[in-house]
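Coordinates in review
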Amino acid sequence: MSAVRQVFGAVQRRAFSASTRQASKVTVLGAAGGIGQPLSLLLKLNPRVSELALYDIRLAPGVAADIGHINTKSTVTGYDPTPSGLRDCLKGSEIVLIPAGVPRKPGMTRDDLFNTNASIVRDLAKAAAESAPEANILVISNPVNSTVPITAEVFKSKGVYNPRRLFGVTTLDVVRASRFISQIKGTDPANENITVVGGHSGATIVPLLSQAGYELTGEQLDEYVHRVQFGGDEVVQAKGGAGSATLSMAMAGARFAESLLKAAQGQKGVIEPTFVDSPLFKDQGCDFFASNVELGPNGVEKIHPVGKITDYEQKLLDVCLGDLQKNIQKGVDFAKQNP
Ligand code: NAI
């Protein structure tokens with residue numbers, strides 16, 4: 001081996017051991033679903049994860065047995081819904097990802113999922129508040145605009161709410177916004193980073209293309225914004241009733257978990273868009289809002305403001321805030337009326 005390769009190898013080994021120093025238990029609730037399975041697979045491939053705990057109302061031990069054969073170091077355990085299953089799965093978790101619940105079928109909005117998913121998320125949040133009160137909770141189950149406030153209310157009712165550790169996962173909106181602009185401009189999507197603010201459904205998703213220096217106009221701009229806001233519908237329609245985005249969502253969820261682990265393990269300047277308890281629009285009735293957030297060892301480190309936007313984007317934001325306020329209130333009301 002050449003001297004250069006030897007040195008490079010040593011540097012790589014040092015970097016690897018530094019990044020994997022900390023033991024990190026990551027839990028997936030809803031792990032046997034369309035998102036849960038590929039998400040668990042990607043987490044198994046992440047050297048920052050030392051322990052992977054998978055829970056579902058069906059099939060989690062099977063998924064765990066399968067993924068557990070992959071030759072990476074982390075341990076994988078699957079848990080059934082026995083009285084102690086959920087509790088044991090959650091105990092000691094640093095990150096809890098929640099993709100449990102039903103997905104959309106063609107013609108449905110995310111809000112149409114509320115009746116089923118609100119109680120699923122409430123019950124899982126209760127278990128997390130009891131067994132992993134200090135974990136970072138990453139809510140994927142839709143409608144995120146309402147399931148995040150539900151989770152906050154549950155944690156408040158148990159006296160363990162920490163706004164810095166609750167995240168609605170909106171990463172997929174940014175992934176799509178970056179991919180779609182690259183298709184228009186012929187750029188490498190990996191180098192695109194479009195800011196998306198607001199919430200995670202339809203008109204509450206507000207891409208801020210101007211901040212990336214792009215100046216689309218007229219129909220092209222309208223079409224781009226519509227595609228980012230309703231990109232999920234393309235997948236729902238293409239799957240013809242068999243579900244919504246699962247694979248791209250798994251990638252987005254795994255990316256967000258990786259960012260949190262990096263920040264927890266000391267990396268600075270880790271920024272992800274996410275739907276959090278935010279001061280930005282509280283005066284307009286939105287206690288939660290997605291914007292770029294710097295992550296740190298304690299979760300939310302710094303919430304970035306929306307920044308400079310065009311008149312066009314301001315109009316999108318105004319529509320967003322009206323809808324978002326109602327979605328948030330719906331979640332809060334549900335949690336209070338159905339404790
Ligand atoms: P799926 O139906 O394929 O999987 C859901 C899984 O949750 C199933 O395995 C089911 O057994 C499990 N489950 C149901 N009730 C449970 C409970 N009480 N405890 C534990 N597990 C339970 O659905 P899919 O496609 O994985 O979607 C899951 C959720 O993620 C949906 O609500 C969907 O709308 C949402 N989603 C969110 C996105 C985002 O960007 N945040 C993107 C795409 C989907």
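Per an unreviewed UniProt entry, the chain carries the name Malate dehydrogenase and comes from Rhizodiscina lignyota. As its UniProt record puts it under Catalytic activity (unreviewed entry), the chain is described as follows: "(S)-malate + NAD(+) = oxaloacetate + NADH + H(+)". Under the heading Subunit (unreviewed entry), UniProt records this for the chain: "Homodimer."

Structural notes on the nonpolar core
Within the largest apolar cluster, 94 residues are counted, with the highest numbers of intra-cluster contacts made by Leu54, Val96, Ile98, Leu138, Val139 and Ala257. When residues of this core are assigned to their parent elements, the largest contribution, ten residues, is made by helix H10 (residues 247–264). Mapping this core onto the domain boundaries places at least three of its residues in each of domain 1 (22–168) and domain 2 (171–337). Apart from the residues within four sequence positions on either side, Val96 is in contact with Thr27, Leu29, Leu90, Ala128, Ala132, Ala135, Ile137 and Leu138.

A look at the environment of Gln314
Tracing the backbone shows Gln314 in helix H11 (residues 311–337). Each C-alpha atom of the pair Gln314 and Arg165 lies 29 Å from the other, and the pair is 149 residues apart in sequence.

A few points about H10
For H10, with 18 residues, the first-to-last C-alpha span of 26 Å sits near the 26 Å given by 1.5 Å per residue. Taken as a whole, H10 has its buried residues at Met249, Ala250, Ala252, Gly253, Ala254, Phe256, Ala257, Leu260, Leu261, Ala263 and Ala264.

What about the site of the ligand?
Close contacts around the ligand come from 34 residues, with Gly30, Gly33, Gly34, Ile35 and Asn142 the closest. With four residues, the top contributor of residues to the shell around the ligand is helix H5 (residues 114–131). The class makeup of the residues in the shell around the ligand is 18 nonpolar, twelve polar and four charged. Both domains that furnish three or more residues to the shell around the ligand are identified here as domain 1 (22–168) and domain 2 (171–337).

Quick look at the packing of helix H7 (residues 171–185) against helix H8 (residues 218–229)
Axis separation between H7 and H8 bottoms out at 9 Å; the angle between their running directions is 145 degrees. When you trace H7 past H8, the crossing you get is right-handed. Touching Asp173, Arg176, Ala177, Phe180, Ile181 and Ile184 of H7 are Tyr224, Arg227 and Val228, all from H8. Across the contact of H7 with H8, the residue classes tally to six nonpolar, no polar and three charged.

Section: the UniProt feature "domain: Lactate/malate dehydrogenase N-terminal" (unreviewed entry) in the chain
In the numbering used here, UniProt assigns the "domain: Lactate/malate dehydrogenase N-terminal" (unreviewed entry) feature to residues 25–168. Helix makes up 38% of residues 25–168 and strand 18%. Its end C-alpha atoms lie 20 Å apart.

Some thoughts on the packing of H5 against helix H6 (residues 144–157)
Remark: H5 packs on H6, axes separated minimally by 9 Å, with the N-to-C direction vectors making an angle of 35 degrees. Once H5 is placed against H6, the crossing between them reads as right-handed. For the pair formed by H5 and H6, the contact residues are Phe114, Asn117, Ala118, Val121, Arg122, Ala125, Lys126 and Ala129 on the first element and Ser146, Thr147, Ile150, Thr151, Val154 and Phe155 on the second. Considering only residue class, the contact of H5 with H6 consists of eight nonpolar, four polar and two charged.

Considering H5
Between the first and last C-alpha of H5 there are 25 Å, a value that for 18 residues agrees with the 26 Å anticipated at 1.5 Å per step. All of the buried residues along H5 are Phe114, Asn117, Ala118, Ile120, Val121, Leu124, Ala125, Ala128 and Ala129. Check the buried side of H5 and you find it contacts strand S1 (25–29), helix H4 (85–90), strand S4 (95–98), strand S5 (136–139), H6 and H11.

Some details on the UniProt feature "active site" (unreviewed entry) in the chain
Under the UniProt annotation, the feature "active site" (unreviewed entry) is placed at His200. Locating His200 in the fold gives a position in the loop between strand S7 (195–198) and strand S8 (205–208).

Quick notes on the environment of Asn191
The residue Asn191 is located in the loop between H7 and S7 in this model. Accessibility expressed as a C-beta count within 10 Å gives 8 for Asn191, which makes it exposed. A sequence separation of twelve residues divides Asn191 from Arg179, and the C-alpha atoms of the two residues are 9.8 Å apart.

Considering the domain arrangement of the chain
According to the domain assignment, the chain consists of domain 1 (22–168) and domain 2 (171–337). For domain 1 versus domain 2, the distance between C-alpha centres works out to 21 Å. The interface is formed by 45 residues belonging to domain 1 together with 43 residues belonging to domain 2. Elements represented by at least two residues in the side of domain 1 that touches domain 2 include exactly helix H2 (36–44), S4, H5, S5, H6 and strand S6 (166–168).

Observations concerning unusual backbone geometry
Look at the link from Asn142 to Pro143: it is a cis peptide, with omega at -5 degrees. One can find Pro143 in the loop between S5 and H6. For Leu59, which is not glycine, the phi dihedral falls at a positive 70 degrees. Relative to the helices and strands, Leu59 resides in the loop between strand S2 (51–55) and helix H3 (60–67). By C-beta crowding, Leu59 is classed as partly exposed, having 17 other C-beta atoms within 10 Å.

Cut-offs and rules
Residues numbered from 1 in each chain as written. Predicted model: local features only at pLDDT ≥ 70, side-chain atom pairs only at ≥ 80, totals over all residues. UniProt positions renumbered as here; feature names shortened; annotations may be inferred. Core = buried A, V, L, I, M, F, W, Y, C linked by C-beta atoms within 7 Å. Buried ≥ 20, exposed ≤ 12 C-beta atoms within 10 Å, placed from the backbone. Helix = DSSP H or I, 4+ residues; strand = E, 2+ residues; numbered from the N terminus. Domains from an automatic or database assignment. Contact = placed C-beta atoms within 7 Å. Expected span 1.5 Å × (residues − 1). Near = placed C-beta within 6 Å. Nonpolar A, V, L, I, M, F, W, Y, C, P; charged D, E, K, R; others polar. Axes fitted to C-alpha atoms, helices over the stretch in contact; angles between N-to-C directions. Left-handed = near helix turned anticlockwise from the far one by under 90°.

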